[in-house]
Each structure stands twice: as C-alpha cells, then as structure tokens.
Amino acid sequence: MIDTFDGAKIRSLNRSKKRRSVPTPSIPRALDRGVEWVGYEEARGLVLSSVKTRQPESVPLAEALGRTLARDIKAHENIPPFTKATMDGYAVRAEDIRAARKDAAVELEVLEDLPAGRVSRKSVGRGQAVRIMTGAPLPKGADAVVMVEDTEKSGSRVKVRRTVRPADNTGQAGEDLKKGELVLEQGAVIGPAETGLLAAAGLARVPVVRRPKLAVIATGDEIVEPGERKSAGQIRNSNGPALLAMALRAGADAKYLGIARDRSSSLRAKLARAKGADILVLSGGVSVGDYDLVRDELRTAGVKPVFWQVRIKPGKPVFFGRRGGQLVFGLPGNPTSAMVTFLLFVQPAIERLLGRKKPGPKGGRAVLAEDVVLKPGRTQFLRGVLDAEGPVLTVAPYPDQKSGVLRSMARSRVLIVVPADVSRLEKGRDVEILYIDGA
Ligand code: AMP
Ligand code: MG
C-alpha cells in the first residue's frame with residue numbers, strides 16, 4: 001500500500017499484475033493526441049480555459065496572508081465609525097473662534113476632558129469647548145478641533161489663539177470607507193494592508209479560495225536527490241525542489257512526490273499517488289527520446305492530451321492534458337525550460353484556480369540595454385537582468401541563455417519576451433518583460 005496525494009490508501013500499481021489498457025482506436029486521433037506545435041498565446045488560452053471554478057473556505061484573519069479573497073467584501077458600517085479628533089486639543093464650534101488671533105485670544109469654557117475610547121454626554125454650545133485627545137469621538141455641537149499648541153489653559157477656561165475651519169483636525173465618519181462600500185474585491189491577494197482593512201471592517205475570519213492541490217513528480221534515471229549518494233553519470237534533482245518552490249510561491253498547496261524512473265512501472269506508481277491533486281506537474285521525459293515515456297504513460301493513466309510542443313524557446317516539448325478535472329503538465333527536463341514553462345503555463349493555471357482577476361505572470365516594459373539578434377520562428381523568453389538604478393528601467397539579456405544553465409534564472413529577475421516573428425531588437429527600444437518571481 002502507498003499513500004495517495006489526498007491521503008487515501010490504494011494498492012501500489014507498481015506491484016499490481018493488472019495492466020491498464022492503452023486508449024482504444026475508437027478515440028478520434030485529434031482528441032487522442034491533442035494539438036501539436038501550438039503557438040504561445042493559443043497554448044496559454046487552452047490552459048486557462050481548462051480551469052474549473054474555485055472553491056471557497058473560511059480562515060482566521062491571522063492566517064489569511066497571501067491568500068485570495070473568495071468574494072467581494074462590503075463595509076457593514078462606516079470606517080471610522082464616528083467622527084474623531086486627529087489632534088490633541090479642544091473640540092470647538094469653528095464659528096465661535098473666528099476672531100481668534102495670536103495677540104487676541106478668544107476664551108471658551110471647558111466642559112470636560114475626553115480621552116480616546118470614551119463618548120461625551122455633553123453638547124458643546126456657544127462659547128464652549130471640550131478638552132479632547134486624538135482618537136476620541138467629537139462631542140455633539142463641536143465641528144472642529146483646535147490644536148493644543150494654539151491654546152492656553154487657565155482653570156476651567158481655555159484661550160484660543162488661532163481660527164479653524166469646520167472639520168479641521170478631525171477624521172470624518174466613513175472617510176476611509178463608507179457603509180456599503182467595497183472594502184476589497186473578490187480575487188484580491190491579501191497582503192499586510194489588505195489584512196488591516198479587513199480587520200478595520202471587523203472580519204475575524206476571511207472567505208478565501210481553497211488553495212489548489214498540486215503534485216510535483218521529477219522523472220529520469222539519472223536524477224539523484226540532494227543529500228543522496230551520486231554515482232557516475234548522475235546529476236542532482238534541481239527541478240523537483242525548484243518547481244515545488246514555484247508552486248508554493250504561486251499559492252498552491254503543493255507536495256513533492258519524488259522521482260519516477262524512466263520505466264512504466266515507476267511512472268505509474270507515481271501517477272497513481274497524484275490522483276487527488278488539482279494540478280499535476282511532471283518534469284522530464286516529455287521529449288522524443290527513447291526513454292521519454294511520460295506522454296504515453298499519461299495517456300495510459302487516462303490523461304487526455306490538449307497540446308504538446310509549443311512554439312516557444314526555451315520549453316518547446318511542454319505537454320498539457322486533462323484527467324477529469326485534473327490539469328496535467330509535462331514540463332521539459334532542462335532546468336531553465338522547466339521553470340520557464342511553469343511560469344508561462346502552470347502559474348497562470350494556479351492563479352486562475354485561485355480566482356485572480358488577471359492570471360500572471362506579472363509583466364511590464366523595460367528599455368533594452370543592448371542589441372539582440374535571434375533566430376525567428378518561436379516566441380523567445382530570454383532571461384533578463386534588470387537595472388532599476390537609473391531614471392528608466394533597463395534590461396539586458398543574461399549572457400548565457402542555454403536551457404541547461406539554471407544559474408541564468410537565479411541571476412535574472414525577468415524574462416524578455418521576443419515575438420516569434422522578430423529576429424532583431426535594437427538597443428534603446430522598449431520590450432515586454434515578465435517577472436520571474438512576482439513583482
Ligand atoms: P529530459 O526532458 O528528461 O530529456 O531531460 C532533459 C535534460 O534535463 C537532461 O539533461 C536531464 O538530465 C535534465 N533533467 C531532467 N530532469 C531533471 C531534474 N529533475 N533536475 C535537473 N535536471 C534534470
Ligand atoms: Mg529524462
């Protein structure tokens with residue numbers, strides 16, 4: 001018995017004698033193979049249109065950081081709920097002190113002292129004032145606060161040496177948000193400021209979108225986990241940890257299921273464990289090599305291909321399919337290709353599942369710092385080094401763009417998008433960029 005992704009126990013397919021049958025010839029070829037050699041935008045559209053509706057859950061406010069709001073939140077009352085003093089001083093009627101000057105004070109009767117948190121039962125009438133502290137509700141009758149620095153107290157009276165206009169030194173009820181106004185919109189990502197707003201609106205629990213469950217499987221006979229013994233011809237598994245990190249960063253409830261070897265039995269065992277996941281991500285084995293079994297095994301496991309091979313560089317062999325409601329991505333094994341295709345296709349799927357209004361990756365524009373010459377034909381995503389020190393944001397391609405060079409991802413902050421029909425970009429023009437790790 002082995003653990004499945006969602007915790008249930010199933011019989012290991014590894015040890016099972018029973019063989020799953022391959023798709024029958026009655027399945028139309030187009031459906032069987034999906035679309036091949038598809039353009040970037042079309043591939044992205046196919047992924048996004050495959051995403052099912054999100055599911056809400058409620059979490060304590062303190063645990064809502066980074067989560068996505070499941071519905072619009074409206075203010076049930078004014079924020080702040082009452083008009084208050086924003087300065088220590090005296091609550092007055094502005095018209096009573098119209099004649100106040102530095103050398104000609106107006107004297108008012110002080111009715112009481114009002115600290116923050118207390119409500120005055122008194123009403124400020126003509127010639128009267130209440131000593132008020134920042135945060136205390138403005139008493140009835142008063143319409144402004146005169147700062148303590150502009151006054152001089154003597155006994156139960158105060159001399160005012162400066163005029164104020166109505167509403168001066170006060171925060172008006174509902175000036176942050178009025179009752180019924182939108183506090184935050186469905187799809188908003190909850191950061192520190194959003195947390196504060198939700199708290200101000202009185203929410204102890206927050207309706208958020210359930211994090212999609214995502215499973216990561218690395219494949220390859222040559223792959224060894226960091227910390228394990230490595231023999232000749234083997235390399236470290238960098239995709240497993242990198243893709244897991246990307247999934248977590250994107251907001252998924254991600255689990256790493258380990259390495260599948262380039263054998264049917266090994267792949268099947270891993271695929272069985274991934275059954276409960278909303279998204280399954282595999283790295284390696286999707287190309288056209290003799291041991292690239294992933295696509296065949298996915299099909300055998302009931303995954304319907306949607307597309308395979310996208311006109312992009314890096315990442316051409318990327319596969320996308322569906323198994324019921326599960327989205328299945330077969331990413332290329334080259335470390336840079338794996339990360340770029342995750343960013344281009346998996347991350348938007350996660351964000352759409354989370355109900356984000358604009359699924360990423362987050363983009364922008366920057367000025368190219370040097371000439372770029374390329375072979376046209378595929379949309380290219382060059383690793384780019386940003387320079388934000390000067391008056392304009394500039395970007396230069398990282399010197400080594402080979403897809404096995406993972407260093408290029410760590411040293412770059414963005415991808416420079418070069419459309420498929422472009423062979424030359426001149427220094428000084430502005431280009432589209434995509435942020436590799438958020439903003
Ligand atoms: P593949 O897509 O399986 O043909 O792999 C392409 C290249 O990526 C090969 O050089 C693999 O050794 C390498 N590769 C595959 N999987 C990983 C991984 N998990 N970590 C690091 N490199 C990998
Ligand atoms: Mg491989």
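Residues numbered from 1 in each chain as written. Chains lettered and ligands numbered in written order. Predicted model: local features only at pLDDT ≥ 70, side-chain atom pairs only at ≥ 80, totals over all residues. Heavy atoms only, no water.

1. A word on the overall build of the protein chain
In terms of helices and strands, the protein chain carries 8 helices and 31 strands. With the principal axes as the frame, the protein chain shows a C-alpha extent of 95 × 55 × 45 Å. The buried share of the protein chain, reckoned over its 439 residues, is 48%. Long-range pairs, those at least 24 residues apart, make up 70% of the contacts in the protein chain with a sequence separation of at least 6. When the accessible surface of the protein chain is summed, it comes to about 21,900 Å², and 50% of that surface belongs to carbon and sulfur atoms. Averaging the coordinates of the 73 positive side-chain charges in the protein chain and doing the same for the 50 negative ones gives two points 7 Å apart. (Helix = DSSP H or I, 4+ residues; strand = E, 2+ residues; numbered from the N terminus. Buried < 20%, exposed > 50% of the residue type's maximum accessible area, 1.4 Å probe, protein only. Contact = heavy atoms within 4.5 Å. Areas by Shrake-Rupley, 256 points an atom, 1.4 Å probe, with all protein chains shown as cover. Lys, Arg positive; Asp, Glu negative; His and termini not counted. Charge placed at Lys NZ, Arg CZ, Asp CG, Glu CD.)

2. Re the side chain of arginine 67
Of note, arginine 67 is situated in the loop between β4 (56–60) and β5 (73–74). In this structure arginine 67 touches Glu57, Val59, Ala188, Val189, Ile190, Val208, Val209, Arg210 and Arg211, once residues within four positions along its chain are discounted.

3. Let's talk about the packing of aromatic side chains
Summed over all chains, the structure comprises 5 aromatic pairs. The interplanar angle of 35° and the centroid separation of 4.9 Å between the aromatic rings of phenylalanine 320 and phenylalanine 329 together place this pair among those described as tilted. Under the relative-accessibility criterion, phenylalanine 320 is labelled buried at 0%. For phenylalanine 329, a relative accessible area of 0% translates into the label buried. Taken together through their ring pairs, the aromatic side chains of Tyr40, Phe307, Phe320, Phe329, Phe345 and Phe381 make up a single cluster. When the ring centre of tyrosine 90 is taken as origin, the NZ or CZ atom of arginine 131, which lies over that ring, is 5.4 Å away. (Phe/Tyr/Trp six-rings, centres within 6.5 Å; stacked < 30°, edge-to-face > 60°. Lys NZ or Arg CZ within 6 Å of the ring centre and 35° of its normal.)

4. Considering the sheet that holds strand β10 (residues 144–147)
The 6 strands are arranged β10-β7-β9-β8-β12-β11 in an open sheet whose pairing can be described as mixed. Across the chains shown, the open sheet's two edge strands, defined by having one partner strand only, are β10 and β11 (151–154). Adjacent strand axes in the sheet meet at a mean angle of 40°, parallel and antiparallel pairs treated alike. Here 4 bridges tie strand β8 (residues 106–114) to strand β12 (residues 157–160), and the two strands are oriented antiparallel to one another. Bridge assignment links glutamate 109 to a residue of β12, and that residue is arginine 157. (Pairing = 2+ DSSP bridges. Axes fitted to C-alpha atoms, helices over the stretch in contact; angles between N-to-C directions.)

5. Digging into the domain arrangement of the protein chain
With domains assigned, the protein chain is organised as domain 1 (7–54 + 211–353), domain 2 (56–79 + 175–209), domain 3 (84–171) and domain 4 (363–435). When each unit is reduced to the centre of its C-alpha atoms, the spacing between domain 3 and domain 4 is 61 Å. (Domains from an automatic or database assignment.)

6. Looking at the site of ligand 1
Inspection of the region around ligand 1 gives 16 residues, with Glu222, Asn237, Ser238, Gly285 and Gly333 positioned closest. Between ligand 1 and the protein, one listed contact pairs an oxygen atom with a backbone N or O atom of glycine 333 at 2.9 Å. In isolation ligand 1 offers 490 Å² of accessible surface; the protein chains occlude 76% of this area. Taken together, the residues that form the shell around ligand 1 break down as 4 nonpolar, 9 polar and 3 charged. (Near = heavy atom within 4 Å. Polar contact = N/O pair within 3.5 Å; in protein donor to acceptor, adjacent residues only side chain to side chain. Nonpolar A, V, L, I, M, F, W, Y, C, P; charged D, E, K, R; others polar.)

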